[in-house]
Amino acid sequence: MTKPRIKLPESAKVGEVIEIKTLISHVMETGQRRGTDGNLVPRSIINNFTAKYAGAEVFKAELHPGISANPYLSFFMKVPGPGEFEFSWTEDGGKQITEKAKLNVV
Amino acid sequence: MLSRMPGDQPSRRTFTLGVAAAVTAFAVPATAALAQDQVQAWELAVRKIVGEAKPSEGKFALELPEIAENGNTVPFTVSVESPMTEKDHVKAIHVIATANPQPGVATFRLTPLSGKAAVSSRLRLARTQDVIGIAELSDGRFLMAKRPVKVTIGGCGG
């Protein structure tokens, strides 16, 4: 996992529904594929994504091997007020990456 | 198969025919059994979500390309017409690829804070198949949508 990319609108009003786009680099190894040595490559995926805003959960995704490499997610939020997003991606084995992003509420 | 006199050496031709026949004999039931397993796998995945409930159609859109040239990365969008209020919202949207080795693709959990019940991502499709979306509503009802996708080059390993 490397540093994720997050796209928020430049500014938003309270009550506005905004789109949030996230992308993270990850092979999302399915566990079904054979390597050059003929053995199955062990499964290694990001199995969970959570988005919180001002401490409250907005959106969560449980991901399985059917999700493509470099998982991209787009979802929405109705802006409740000023605040900061906290996004986290969890890999098989429990390793987690967390990224924060402030929303410019006008 | 072909009759031979005892002591005859099997010719290359009879050997080939024999192998071909044997392969065919084994291949047919094996394929049938595999197909049955896969049907059960996605059906089980659906049943695990909806239980005994009968999902209805409509108000739920599952957008996918009709033809996916690369099964490794197929863009999709799921969206439900919903006011997304505390009383009436979409709790979850499940995506199932019926002919993938593991049919469950993703479960998206939404909240009234979501404001709009729409999620986009990219999935893998092993081969041409139906993709199913199931939306779970706050009143306990389920909505379902199904879309066939033709896959030119399969994803998932191989």
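The structure this text deals with has already been given above.
Calculation notes
- Numbers given for residues are sequential positions, taken from 1 along each chain in its written order.
- Chains carry letters and ligands carry numbers; both start at the beginning, A for chains and 1 for ligands, and go up in the order they are written.
- In keeping with the model being predicted, local features are shown solely for residues with a pLDDT of at least 70 and side-chain atom pairs are shown and tallied solely at 80 or more, while totals for entire chains, interfaces and linings include all residues.
- Comment: elements are numbered from the N terminus, with helices defined as DSSP H or I runs of at least four residues and strands as E runs of at least two.
- A residue is called partly exposed when the number of other C-beta atoms within 10 Å of its own lies between 12 and 20, exposed at 12 or fewer, and buried at 20 or more, with C-beta atoms placed from the backbone.
- Here, residue contact means that the backbone-derived C-beta atoms of the two residues sit within 7 Å.
- We call a set of buried Ala, Val, Leu, Ile, Met, Phe, Trp, Tyr and Cys residues a nonpolar core when their C-beta atoms link them within 7 Å.
- Any two strands with at least two DSSP-identified bridges between them are counted as paired.

Caption draft 1: Just the overall build of chain B, in detail. If you tally the helices and strands in chain B, you get one helix and eight strands. The order of helices and strands in chain B, counted from the N terminus, is α-β-β-β-β-β-β-β-β. The proportion of buried residues among the 158 residues of chain B is 36%. The long-range fraction of contacts in chain B, counting pairs at least 24 apart against all pairs at least 6 apart in sequence, stands at 66%.

Caption draft 2: Focus on the nonpolar core. Core analysis: the biggest nonpolar cluster contains 57 residues, and Leu123 and Leu125 of chain B have the highest contact counts within it. If we ignore the near neighbours within four places in the chain, the residues touching Leu125 of chain B are Ala68, Gly71, Val74, Ala97, Asn100, Val149, Val151, Gly154 and Gly155 of chain B.

Caption draft 3: Just the interface of chain A and chain B, in detail. Residue-level contacts link 28 residues of chain A with 28 residues of chain B. When residues of the side of chain A that touches chain B are traced back to their parent elements, those giving at least two are strand S4 (56-63) and strand S5 (72-78) of chain A. The leading source of residues in the side of chain A that touches chain B is S4 of chain A, at eight residues. By the bridge criterion, five bridges tie S4 of chain A to strand S5 (residues 104-110) of chain B in an arrangement that is antiparallel. Considered in S5 of chain B, the bridge of Phe59 of chain A is made with Leu110 of chain B.

Caption draft 4: Spotlight on the environment of Gly55 of chain A. All names here are of chain A. Note on placement: Gly55 falls in the loop between strand S3 (46-53) and S4. Given 8 C-beta atoms within 10 Å, Gly55 falls into the exposed group. Sequence-wise, Gly55 and Pro9 are 46 residues apart; in three dimensions their C-alpha atoms are separated by 20 Å.

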